[in-house]
Amino acid sequence: GEAPAGAAEYLLQEFGQGGAGSLSWVAVKGGGKGAMLLTEGGWSRGEAFEVAVADTVGCGDSFASALLLARLHPEPLSLGASLALANAVGAATAERANAGRNVASSDRVRALLRQRGGAECEEASHALDVWLARESEAGPAGLR
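Throughout what follows, the structure given in this document is the object of discussion. Computed from a predicted model, the values in this text were never measured in an experiment.

So, the layout of surface pockets
So, step 1. Roughly 340 Å³ of internal volume is contained in the second largest pocket.
So, step 2. Forming the boundary of the second largest pocket are 18 residues, of which Gly-31, Gly-32, Cys-59, Gly-90 and Ala-91 lie nearest the centre.
So, step 3. At four residues, the largest contribution of residues to the lining of the second largest pocket is made by helix α3 (residues 79-94).
So, step 4. For the lining of the second largest pocket, the class distribution of residues is nine nonpolar, eight polar and one charged.

Re the pairing of strand β1 (residues 25-29)
So, step 1. For β1 and strand β2 (residues 35-39), the ladder comprises five bridges, and the chain directions are antiparallel. Across the sheet, Lys-29 pairs through a bridge with Ala-35, a residue of β2.
So, step 2. Joining the antiparallel neighbours β1 and β2 is a turn of five residues, in which Gly-31 adopts a positive phi near 60°.

A closer look at a nonpolar patch on the surface
So, step 1. On the surface, Tyr-10, Leu-11, Phe-15 and Leu-23 cluster together to form a nonpolar patch covering roughly 350 Å² of accessible area.
So, step 2. Relative to the helices and strands, Phe-15 is located in helix α1 (residues 2-15).
So, step 3. On the basis of relative accessibility, which here comes to 41%, the residue Phe-15 falls in the partly exposed class.

Focus: the state of the cysteines
So, step 1. For the structure on display, the rule yields zero disulfides.
So, step 2. For Cys-59, which is in no disulfide, the shortest distance to another cysteine sulfur is to Cys-121 and amounts to 18 Å.

A few points about the nonpolar core
So, step 1. Among the nonpolar cores identified, the biggest contains 28 residues, and Phe-49, Leu-77, Leu-85, Val-109 and Leu-113 are the most heavily contacted of them.
So, step 2. Looking at this core, the elements that each hand over two or more residues are β2, α2 (59-72), α3, α4 (106-116) and α5 (119-138).
So, step 3. Tallying contributions element by element places α3 first for this core, with nine residues.
So, step 4. Beyond its immediate stretch of four places on either side in the chain, Leu-113 contacts Phe-49, Ala-84, Leu-85, Ala-88, Cys-121, Ala-124 and Ser-125.

Looking at α3
So, step 1. Between its first and last C-alpha, α3 extends 23 Å over 16 residues, near the 22 Å set by a 1.5 Å rise per residue.
So, step 2. Where burial is concerned, most of α3 is hidden: 15 out of the 16 residues are buried.

What to know about the packing of aromatic side chains
So, step 1. Taken as a whole, this structure holds zero aromatic pairs when the rule is applied.
So, step 2. The ring of Phe-49 is capped by Arg-116, whose NZ or CZ atom sits 3.7 Å from the centre of that ring.

Cut-offs used in this document
- Residues numbered from 1 in each chain as written.
- Predicted model: local features only at pLDDT ≥ 70, side-chain atom pairs only at ≥ 80, totals over all residues.
- Heavy atoms only, no water.
- 1 Å grid on protein atoms, 1.4 Å probe; cavity = no way out; pocket = protein on both sides within 12 Å on 5 of 7 lines; lining within 4 Å.
- Points joined across faces, edges and corners; volume = space filled by probe spheres on them.
- Helix = DSSP H or I, 4+ residues; strand = E, 2+ residues; numbered from the N terminus.
- Nonpolar A, V, L, I, M, F, W, Y, C, P; charged D, E, K, R; others polar.
- Pairing = 2+ DSSP bridges.
- Patch = residues over 30% accessible without salt bridge, like charges linked within 9 Å, V, L, I, M, F, W, Y side chains within 5 Å.
- Areas by Shrake-Rupley, 256 points an atom, 1.4 Å probe, with all protein chains shown as cover.
- Salt bridge = Lys/Arg side-chain N within 4 Å of Asp/Glu carboxyl O.
- Buried < 20%, exposed > 50% of the residue type's maximum accessible area, 1.4 Å probe, protein only.
- Disulfide = S-S within 2.5 Å.
- Core = buried A, V, L, I, M, F, W, Y, C linked by side-chain atoms within 4.5 Å.
- Contact = heavy atoms within 4.5 Å.
- Expected span 1.5 Å × (residues − 1).
- Phe/Tyr/Trp six-rings, centres within 6.5 Å; stacked < 30°, edge-to-face > 60°.
- Lys NZ or Arg CZ within 6 Å of the ring centre and 35° of its normal.

So, in structure tokens, the structure goes:
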């Protein structure tokens with residue numbers, strides 16, 4: 001609705017690079033309705049993935065973790081790919097019972113991204129592959 005969008009606009013205006021801080025984007029999560037990112041350039045929208053929901057515990061945290069990785073990584077993804085990855089991770093987590101402990105698997109996230117297709121999902125899927133390959137070389141990783 002308008003309240004989350006208005007709050008996001010306020011936060012970016014007050015704490016963004018044109019205001020009193022260095023905030024460069026604000027996310028608005030909508031669960032099964034998808035999510036939006038607000039930047040100085042305007043709004044970007046990411047559609048939700050349709051999945052059979054078993055449990056929503058942990059979905060928001062999974063979404064937020066994936067979004068933070070996508071945006072704060074030294075090689076950040078585009079806004080659209082960031083939203084696609086975050087929405088896919090949240091959706092894959094929702095499919096699993098006891099999701100607070102059984103978060104998304106990278107294989108399921110890849111499958112969701114590939115099913116949807118498109119440049120943004122391809123970018124997100126490729127980045128996930130690269131990041132996981134680097135992690136497997138470096139040691140244990142959380143998203144496998």
